[in-house]
Structure formats: C-alpha cells, structure tokens
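Residue-level listing of the chains:
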Amino acid sequence: MDKVRMGIIGVGNMGSGHAKTITSGQVPGMALTAIADINPARRAWARETYPDVAVFDDAIAMMDSGMVDAVIVSTPHYDHPPLVTAALQRDIHVMCEKPAGVYTKAVAEVNALARRSKAAYAIMFNQRTNCVYRKMKEIISSGELGAIRRVNWLITDWFRSQSYYDSGAWRATWAGEGGGVLLNQCPHNLDLFQWLVGMPVRVRAFTHNGKWHDIEVEDDVTAYMEFENGATGVFITSTGDAPGTNRLEVVLDGGTLICDGKKLTLEKLETPISEFMKTYKSGFGTPKCDVCEVETDGENPQHAGVLRAFAQHLLNGAPLVADGTEGINGLTLSNAMHLSSWLNETVTLPLDEDRFLEELNKRRATSRLKASGGKVLDTEGTY
C-alpha cells in the first residue's frame with residue numbers, strides 16, 4: 001500500500017469535516033475514495049461536493065466494493081460497535097469517532113475482535129494531540145512529582161441551547177444517543193481523565209436529566225471517584241452553564257498541575273507534601289512553592305493529526321494517537337456515573353456490564369424517540 005484509500009461512513013457534522021480534512025491535502029498518504037450515508041440529502045451533498053468520490057447508501061456495500069482500505073465511522077453512537085465489527089471482520093482498517101459505543105458490553109466484544117483482527121483499529125481522541133495535555137501526560141508519567149493525591153476537573157464550557165437539542169430527533173434521547181453530556185460532549189474529557197491519572201476503583205455520581213433543557217438525558221453531572229492509592233477525584237460537567245469553565249487540577253505529592261486546555265501551570269513544591277507533613281515543626285506552614293507556566297511544543301493538530309498518525313501507521317507502522325481498544329476506559333467512567341446515579345449508590349469497578357445494560361434498556365424502552373415513531377435499537381446495538 002502506497003496510499004490509504006479511505007471511506008467515510010456518515011457525512012454529518014463530523015464526517016463532512018473529515019472529508020474536508022482529507023481532500024484538502026492535510027493527510028499525506030490518504031485519499032478519500034468513497035462515502036456512505038443513509039440520508040438521501042447527505043448523499044446528494046456528497047455527490048455534488050466530491051464528484052470523483054463513490055457514494056453509497058449502505059456502509060456494508062461500500063466495504064464490500066473493494067474501493068476502500070480503511071473507513072471512518074462517524075455515525076450516531078449506537079452504530080459504532082456494529083460498524084467497527086463489520087470493518088474488522090473484513091480486515092478493513094477502521095477509525096471510530098468518539099465514543100467507542102454506548103455501553104461497555106458491546107465495546108468489549110469489539111475489542112476482543114480487534115485483538116484477533118489483522119486490521120488496525122483506532123479511535124478519534126483528538127484532544128490527546130493537544131500540547132498541554134501531552135505535556136501533562138509526560139510530567140505525570142515521569143514520576144518527577146510523585147504520586148497523585150487528588151484530581152478535579154470542572155468542565156462546564158459545553159453550553160448548548162434548546163435549539164441544538166431540537167435539531168435532530170435522535171439527539172438527547174436514550175434510544176437515539178444513549179445519554180447526554182457524558183456521551184456527546186465529554187468522551188474526550190473522560191478519555192483524558194483516565195489517560196492522565198488512570199482508572200478509579202469506585203464511583204459515586206449524580207446525573208440530572210433535563211435539568212436545564214427539555215431533554216430526557218443528563219445535562220448536569222457531578223461525580224466523585226476514589227483510586228487504588230487513596231487519591232480522590234471530582235468530575236463536574238454541564239451543558240447549562242455560560243460562559244462555563246474548563247479547569248483541570250492534578251495534585252501530586254511534589255506539586256500541582258493546572259490546565260485550562262490552552263495553558264499549563266505548574267505549582268512545584270520545594271518539599272513534597274508527604275515529607276513536609278512529617279518533618280515541619282512550627283505548626284502553621286506550607287511548603288515553599290514555585291509557580292511557572294510550563295513550556296510546550298505548541299503543537300495541537302487535532303483531527304488532522306489523528307488522521308495523519310493513522311495513515312502513517314498503516315503505511316509505515318508509526319504509532320497511533322489512540323488505539324481503538326482504549327475507548328472502553330472513558331466509556332466505563334460514563335457508564336459507571338450513570339449507573340451510580342440510577343441506583344443511588346457507589347459503583348465499584350470493574351463495572352457490572354449486564355446491570356448497566358439492563359438499566360439502560362429500561363430507559364430506551366420509554367424513550368421519546370420510540371414514542372415519536374423513531375427507530376429504536378435493540379440490546380445488541382443493531383437496528
């Protein structure tokens with residue numbers, strides 16, 4: 001292979017953006033050769049916009065056409081696992097938009113297949129390309145600041161108006177989307193959370209459905225987490241705050257990292273917390289602290305960067321930005337938050353996948369999408 005022939009499944013907001021990225025030459029070694037969409041209007045748009053690209057009304061037909069080496073899945077969430085499965089079964093490389101799915105039981109089955117498949121499986125966690133998060137990862141993983149003690153993320157700059165939710169019948173419904181802010185806006189944040197500090201062992205959450213909007217899913221969440229080493233975490237998000245805040249704090253033994261998504265600040269202690277607590281003899285007092293803005297490489301290639309890495313992985317064996325099997329981690333956090341709130345109790349990880357799916361299906365069965373005659377997915381994730 002000297003060039004990756006790429007097909008895009010679903011050319012809504014994200015899929016059309018990926019098409020533009022590829023056709024504008026931002027991904028060397030990749031060419032857009034096919035598009036599949038079940039919406040006639042979107043197919044008409046694709047034919048007019050990209051006359052040299054084959055357009056299909058069925059994703060499977062596109063995969064079986066022999067015109068693609070790889071596909072991007074950019075469809076509603078429930079479709080992700082079955083479409084990724086179809087690609088991997090055909091040894092077609094696949095890039096999946098976030099989230100990996102709606103419930104971890106389906107995603108775990110995809111991961112098992114991916115480990116046996118000859119094809120590559122990647123996920124569009126473009127925030128991992130952001131220089132400030134990459135630098136945070138580097139510092140935390142190096143161990144130079146010691147163990148994590150606390151992590152807090154207040155991420156409320158996801159404001160959405162009612163018209164946003166009214167723009168599609170599938171939006172903000174249990175049957176169509178599978179959740180609200182946790183499944184739509186926050187998969188990147190939840191992925192970064194676990195990528196930076198690891199997975200907790202216990203989760204207690206409060207998810208508020210339709211608190212700020214006329215929707216059936218959550219638009220306001222507060223979650224508390226505990227980690228194996230005794231560290232704790234808090235994750236707060238909402239689509240009802242304006243202008244909102246993005247502040248991630250990671251407190252380590254030797255200092256605190258503070259990030260707003262654009263700038264990274266380090267409050268480095270002269271003496272680690274654990275040592276100062278034991279050795280300081282004068283009562284009131286805190287370790288001396290040096291505050292500085294952390295220098296980064298300034299690079300933040302986002303979606304184009306993820307696609308470039310994907311192309312180079314297929315052509316030359318270069319590393320992916322994020323292996324697709326890692327998508328289950330952030331999804332586990334959102335599933336755990338939902339389940340904790342639904343049951344009004346602390347959830348211990350590993351997650352009880354069957355219990356979560358049972359509770360999710362109760363909500364899908366009474367979803368507005370079903371009541372209005374819309375398509376409802378069965379428990380296997382297919383139409």
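Residues numbered from 1 in each chain as written. Predicted model: local features only at pLDDT ≥ 70, side-chain atom pairs only at ≥ 80, totals over all residues. Heavy atoms only, no water.

A.B. asks: Before we go on, may I ask you to explain the overall build of the protein chain in this structure?
C.D. replies: Secondary structure summary: the protein chain contains 13 helices and 15 strands in total. A compact globule built from 383 residues should have a C-alpha radius of gyration of about 21 Å, and the protein chain, at 22 Å, falls within 12% of that. Its C-alpha atoms put the protein chain at 75 × 50 × 40 Å along the principal axes. Classification of the 383 residues of the protein chain by burial places 54% in the buried group. (Helix = DSSP H or I, 4+ residues; strand = E, 2+ residues; numbered from the N terminus. Rg over C-alpha atoms; globule rule 2.2 N^0.38 Å. Buried < 20%, exposed > 50% of the residue type's maximum accessible area, 1.4 Å probe, protein only.)

A.B. asks: Teacher, can you tell me more about the nonpolar core here?
C.D. replies: Grouped burial of nonpolar side chains is what soluble globular proteins tend to show. Ranked by size, the top nonpolar core spans 88 residues in total, and within it Phe235 and Met337 carry the most contacts. Setting aside residues up to four positions removed in sequence, Met337 forms contacts with Leu182, Leu190, Val203, Ala205, Thr207, Val221, Ala223, Met225 and Phe235. Ranked by size, the runner-up nonpolar core spans 25 residues in total, among them Ala19, Val27, Ala120 and Phe310. (Core = buried A, V, L, I, M, F, W, Y, C linked by side-chain atoms within 4.5 Å. Contact = heavy atoms within 4.5 Å.)

A.B. asks: What is the right way to read the packing of helix α8 (residues 187-197) against helix α11 (residues 327-343) from this model?
C.D. replies: Working note: a packed helix pair is described by the angle between its axes plus the distance between those axes. The contact between α8 and α11 brings their axes to 8 Å, and the two run at 110 degrees. Judged by the angle between their axes, α8 and α11 are roughly perpendicular. For the element pair α8 and α11, the recorded crossing hand is right-handed. Here Leu190, Asp191, Phe193 and Gln194 of α8 lie close against α11, whose contacting residues are Asn329, Gly330, Leu333, Ser334 and Met337. The class makeup of the residues in the contact of α8 with α11 is 4 nonpolar, 4 polar and 1 charged. (Axes fitted to C-alpha atoms, helices over the stretch in contact; angles between N-to-C directions. Parallel < 35°, antiparallel > 145°, perpendicular 65-115°, else oblique. Left-handed = near helix turned anticlockwise from the far one by under 90°. Nonpolar A, V, L, I, M, F, W, Y, C, P; charged D, E, K, R; others polar.)

A.B. asks: What is the right way to look at the pairing of strand β4 (residues 70-73) in this model?
C.D. replies: Where a strand is regular, its side chains alternate between the two sheet faces. Residues Ala70 and Ile72 of β4 are buried on one face, and the alternating residues Val71 and Val73, pointing to the opposite face, are buried as well. For strand β1 (residues 4-9) and β4, the ladder comprises 4 bridges, and the chain directions are parallel. Within β4, the position partnered with Gly7 by the bridge is Val71. Of the pairings in the sheet, the one linking β4 to strand β5 (residues 93-96) comprises 4 bridges and is parallel in character. Within β5, the residue paired with Ala70 across the bridge is His93. In this fold, the crossover linking β4 to β5 by way of helix α4 (residues 80-89) has right-handed handedness. (Pairing = 2+ DSSP bridges. Right-handed = clockwise from strand over helix to strand, strands pointing away.)

A.B. asks: Can you help me understand helix α1 (residues 13-23) in this one?
C.D. replies: Helical geometry: 3.6 residues make up each α-helical turn, so side chains three or four residues apart lie on a common side. Residues of α1 that are buried include every one of Gly15, Ser16, His18, Ala19, Thr21 and Ile22, and no others. Elements that come into contact with the buried residues of α1 comprise β1, β2 (30-36), α2 (40-49), β4 and α10 (302-316). Remark: Gly25 follows α1 within two positions and exhibits a positive phi of approximately 85 degrees.

A.B. asks: It is not clear to me how the packing of aromatic side chains should be interpreted in this structure. Could you clarify?
C.D. replies: The description of an aromatic ring pair uses the distance of the two centres, along with the angle that the planes make with each other. The final tally for this structure, using the stated rule, is 9 aromatic pairs. Measuring from centroid to centroid gives 6.1 Å for Tyr133 and Trp153, while their planes differ by 45 degrees, and the two rings are tilted. Of this pair, Tyr133 sits in helix α6 (residues 131-142) while Trp153 sits in strand β7 (residues 148-155), placing them 20 residues apart in sequence. A single burial state applies to Tyr133 and to Trp153, both of which are buried. The interplanar angle of 75 degrees and the centroid separation of 5.6 Å between the aromatic rings of Trp174 and Trp342 together place this pair among those described as edge-to-face. Of the two residues, Trp174 sits in the loop between α7 (162-166) and α8 while Trp342 sits in helix α11, which places them 168 residues apart along the sequence. By the burial criterion, Trp174 is buried, and Trp342 matches it. Among the aromatic residues, those joined into a cluster by ring pairs are Tyr133, Trp153, Phe193, Phe227 and Phe235. A cation over a ring is seen here: Arg42 above Trp45, with NZ or CZ 4.4 Å from the ring centre. (Phe/Tyr/Trp six-rings, centres within 6.5 Å; stacked < 30°, edge-to-face > 60°. Lys NZ or Arg CZ within 6 Å of the ring centre and 35° of its normal.)

A.B. asks: I tried to follow the UniProt feature "domain: Gfo/Idh/MocA-like oxidoreductase N-terminal" (unreviewed entry) in the protein chain on my own but got confused; where do I start?
C.D. replies: Look at the UniProt record and you will see "domain: Gfo/Idh/MocA-like oxidoreductase N-terminal" (unreviewed entry) annotated at residues 4-121. Annotation note: span residues 4-121, helix share 42%, strand share 21%, distance between end C-alpha atoms 14 Å. (UniProt positions renumbered as here; feature names shortened; annotations may be inferred.)

A.B. asks: I tried to follow the state of the cysteines on my own but got confused; where do I start?
C.D. replies: By definition, a disulfide is the covalent link that joins the sulfur atoms of two cysteine residues. Counted according to the given criterion, the structure contains 0 disulfides. A disulfide-free cysteine, Cys131 has its sulfur positioned 8.9 Å from the sulfur of Cys259, the nearest such atom. (Disulfide = S-S within 2.5 Å.)

A.B. asks: Hey, could you run me through the sheet that holds strand β9 (residues 218-226) in this one?
C.D. replies: Strand pairing in a sheet relies on backbone hydrogen bonds, with the paired strands running either antiparallel or parallel. The mixed open sheet is built from 9 strands, whose spatial order is β14-β13-β12-β11-β7-β10-β9-β8-β15. Edge positions in the sheet fall to β14 (289-293) and β15 (347-348), since each of these pairs with one other strand and no more. Sheet topology note: the β7/strand β10 (residues 232-238) ladder contains 6 bridges and is parallel. Following the sheet pairing, Arg150 is matched in β10 by Thr232. Contacts from α8 reach β7, β9, β10 and β11 (246-252) within the one sheet, and its direction differs from that of β7 by about 165 degrees.

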